[in-house]
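Chain by chain, the residues run as shown.
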Amino acid sequence: MNLIYSCVFFQESYIELISILLKSFVIFGNQSEDTDYLIVCSNDFQERIANLFETLGIDGKIWCLEATTMFEAAYTRLKIFNYPQIERYQKLLYLDCDILVTDSIDKVFDLQKKDQLYVLQEQFHRWNHCWFFRESEMHSVCHDDVFTSGIILFPNSETIKKLFNHILGHIKFHIQNNFQIPYCLDQPFIVYHAITQQLYNNVSLATVAINNPSRFERKSICHFPTSVGHSQSKRQLMYEYFKYYISSLKTQNICVRNVEITNKYTWENDDSYITFLEKGNMDAFGKGKYQFVNEALVVAEFGNRTHILKFNPTFSTFISIRRDDLYVVKGSVIRQEDESDCIT
């Protein structure tokens, strides 16, 4: 089993970031039955996270912890080995809230081969990455060695558990001595110990992940880092790229499907319907058009809006995201016998 996890504390605006992340995960992530999603959050966020999981049809997990400072909220991710069900999982993937999943998440998990952290290289910054390296040590740190801690793939192993506990011990010592908290919170701790213990790979993840993409990318993970704690700027980047990505899919010609959908579905409630017709046509609040992106994903144009629909394997249900505002709609197929019942 695989586990993806993210953490949400303090700022309610970060729940919206998680909402956008999970919407992208549902539509593009191709979640398999052997992958769970865990949200680590405070008790006061639990109900809203549960409602979000239900709206998106995710059988998600919630683990409630308390954090009294932003710094503590940040390093909560390092406590993952205390999660009561951790032994169920062999591979773990930490994702920051400011992320979109834009392709199969299995491609990320497939990268994990060795007992180390798989992370994404980013541009070197003396204090965001190397806070704990003395000037005399900097000659041994290559600028290409540093990485963002916003995406971390790792095995459930004693080696990584020991690494995380070592980092948490350093953090505890740091707090007890009232030392200055780094601007990037726990990231310099993670970078320092991963580099000094040589337990990292910051190359492989670049094949499936990218920071701040400026064009259409067939990556599994798109990360939008901005200033620490500045949710508004992160939301704007995520929101705009999500819309851009949906629009771009229409021109990619990714999938040519021989079998068409010719079903009628409910739209949001039992009183509204959409019908898929031959040759990519639709009857959906007027005339509409649709095209396949992959075997289960459809981009549709109707009602003067663009929608992206993800179908289940039997095409009996779907979840739709509206491009303009990321509004969620669910639907299910209307069989002939169901229509007959309605008529009688």
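Residues numbered from 1 in each chain as written. Predicted model: local features only at pLDDT ≥ 70, side-chain atom pairs only at ≥ 80, totals over all residues. Heavy atoms only, no water.

A. Up close: the packing of aromatic side chains. Using the criterion set out here, one finds 28 aromatic pairs in the structure. Between the aromatic rings of Phe216 and Tyr245, the centroid separation amounts to 4.8 Å while the plane-to-plane angle is 15 degrees, which identifies the pairing as stacked. Placement of the pair is Phe216 in the loop between β9 (209–211) and β10 (221–223) and Tyr245 in helix α8 (residues 231–249), with a sequence separation of 29 residues. Judged on exposure class, the residue Phe216 and its partner Tyr245 are both buried. Pairwise contacts between aromatic rings join Tyr265, Trp267, Phe276, Phe285, Tyr290, Phe292, Phe302, Phe311, Phe315 and Phe318 into one cluster. Over the aromatic face of Tyr239 sits the side chain of Arg235, whose NZ or CZ is 4.8 Å from the ring centroid. When the ring centre of Tyr273 is taken as reference, the NZ or CZ atom of Lys264 above it lies at 4.7 Å. (Phe/Tyr/Trp six-rings, centres within 6.5 Å; stacked < 30°, edge-to-face > 60°. Helix = DSSP H or I, 4+ residues; strand = E, 2+ residues; numbered from the N terminus. Buried < 20%, exposed > 50% of the residue type's maximum accessible area, 1.4 Å probe, protein only. Lys NZ or Arg CZ within 6 Å of the ring centre and 35° of its normal.)

B. View of the packing of helix α1 (residues 13–28) against α8. In the contact formed by α1 and α8, the axes pass within 9 Å of each other and the chain directions differ by 20 degrees. One finds that α1 runs roughly parallel with respect to α8. In terms of crossing hand, the pair formed by α1 and α8 is left-handed. In this structure, α1 contributes Ser13, Tyr14, Glu16, Leu17, Ile20, Leu21, Lys23, Ser24 and Phe28 to the contact, and α8 contributes Ser231, Lys234, Arg235, Met238, Phe242, Tyr245, Ile246 and Leu249. Grouping the constituent residues of the contact of α1 with α8 by class yields 10 nonpolar, three polar and four charged. (Axes fitted to C-alpha atoms, helices over the stretch in contact; angles between N-to-C directions. Parallel < 35°, antiparallel > 145°, perpendicular 65-115°, else oblique. Left-handed = near helix turned anticlockwise from the far one by under 90°. Contact = heavy atoms within 4.5 Å. Nonpolar A, V, L, I, M, F, W, Y, C, P; charged D, E, K, R; others polar.)

C. Just the pattern of salt bridges, in detail. Applying the stated criterion across every chain yields a total of 12 salt bridges. Among the ionic pairs, Asp103 bridges to Arg218, the shortest N-O distance being 3.8 Å. Linking Asp103 in the loop between β5 (99–101) and α4 (106–109) with Arg218 in the loop between β9 and β10, this pair joins segments that are 115 residues apart in sequence. The exposure class of Arg218 is partly exposed, given its relative accessible area of 40%. Residue Arg323 is joined to Asp324 by a salt bridge in which the shortest nitrogen-to-oxygen separation is 3.3 Å. According to the relative accessible area criterion, Arg323 is partly exposed, its value standing at 22%. Ionic contacts of the salt-bridge type, sharing partners, join the residues Asp103, Lys107 and Arg218 into one network. (Salt bridge = Lys/Arg side-chain N within 4 Å of Asp/Glu carboxyl O.)

D. Up close: the sheet that holds β5. Taken in spatial order, the three strands make up an open sheet running β5-β10-β9, and their pairing is mixed. Two strands lie at the open edges of the sheet, namely β5 and β9, each paired on one side alone. Sheet twist, expressed as the mean angle between neighbouring strand axes with direction ignored, is 15 degrees. (Pairing = 2+ DSSP bridges.)

E. Representation of a nonpolar patch on the surface. There is a patch of nonpolar side chains on the surface, built from Phe10, Met70, Tyr183 and Val228 and spanning about 380 Å² of accessible area. By secondary structure assignment, the location of Val228 is in the loop between β10 and α8. (Patch = residues over 30% accessible without salt bridge, like charges linked within 9 Å, V, L, I, M, F, W, Y side chains within 5 Å. Areas by Shrake-Rupley, 256 points an atom, 1.4 Å probe, with all protein chains shown as cover.)

F. Structural view of the sheet that holds strand β8 (residues 200–201). The seven strands lie next to each other as β3-β2-β1-β4-β7-β6-β8, forming an open sheet whose pairing is mixed. The open sheet has two free edges, formed respectively by β3 (61–64) and β8, since each of these has just one partner strand. As paired elements, strand β6 (residues 117–121) and strand β7 (residues 147–155) share three bridges and run antiparallel to each other. Across the sheet, Leu120 pairs through a bridge with Thr148, a residue of β7. Helix-sheet contacts for helix α2 (residues 46–56) involve β2 (35–41) and β3, and the interaxial angle to β3 is about 170 degrees. Set on the sheet, helix α7 (residues 187–196) makes contact with β6, β7 and β8; between it and β7 the angle comes to about 55 degrees.

G. Looking closely at the pairing of β6. Of all five residues making up β6, four are buried, and the element is well covered by its neighbours. In terms of strand pairing, β6 meets β8 through two bridges, oriented parallel. When the sheet's bridge partners are listed, Leu117 is paired in β8 with Tyr200.

H. Structural context of the nonpolar core. Membership of the largest hydrophobic core comes to 58 residues, with the highest contact counts inside it found for Leu93 and Leu95. Of the residues forming this core, the biggest block, 11 residues, is contributed by α1. Residues within four places of Leu95 in sequence aside, it is in contact with Ile4, Tyr5, Ser6, Leu21, Tyr37, Val101, Gly150, Ile151 and Ile221. In terms of nonpolar packing, the next biggest core, distinct from the first, is built from 40 residues, Ile80, Tyr94, Phe147 and Leu168 among them. (Core = buried A, V, L, I, M, F, W, Y, C linked by side-chain atoms within 4.5 Å.)

I. Focus on helix α6 (residues 158–176). Taking 1.5 Å of rise per residue, 19 residues should cover 27 Å, and α6 covers 27 Å from first to last C-alpha, within 8% of that figure. Every buried residue of α6 is accounted for by Ile160, Leu163, Phe164, Ile167, Leu168, His170, Ile171 and His174. For α6, the angular spread of the buried residues around the axis is 155 degrees, confining them to a single face. Away from the buried face of α6 by more than 90 degrees, exposed residues Glu158, Lys162, Lys172 and Gln176 are located. Turning to α6, the residues buried within the fold contact β1 (2–8), α3 (70–75), β6, β7 and α7. Immediately beyond the C-terminal end of α6, within one or two residues, lies Asn178, with a positive phi of roughly 55 degrees. (Expected span 1.5 Å × (residues − 1). Arc of directions from axis to C-beta.)

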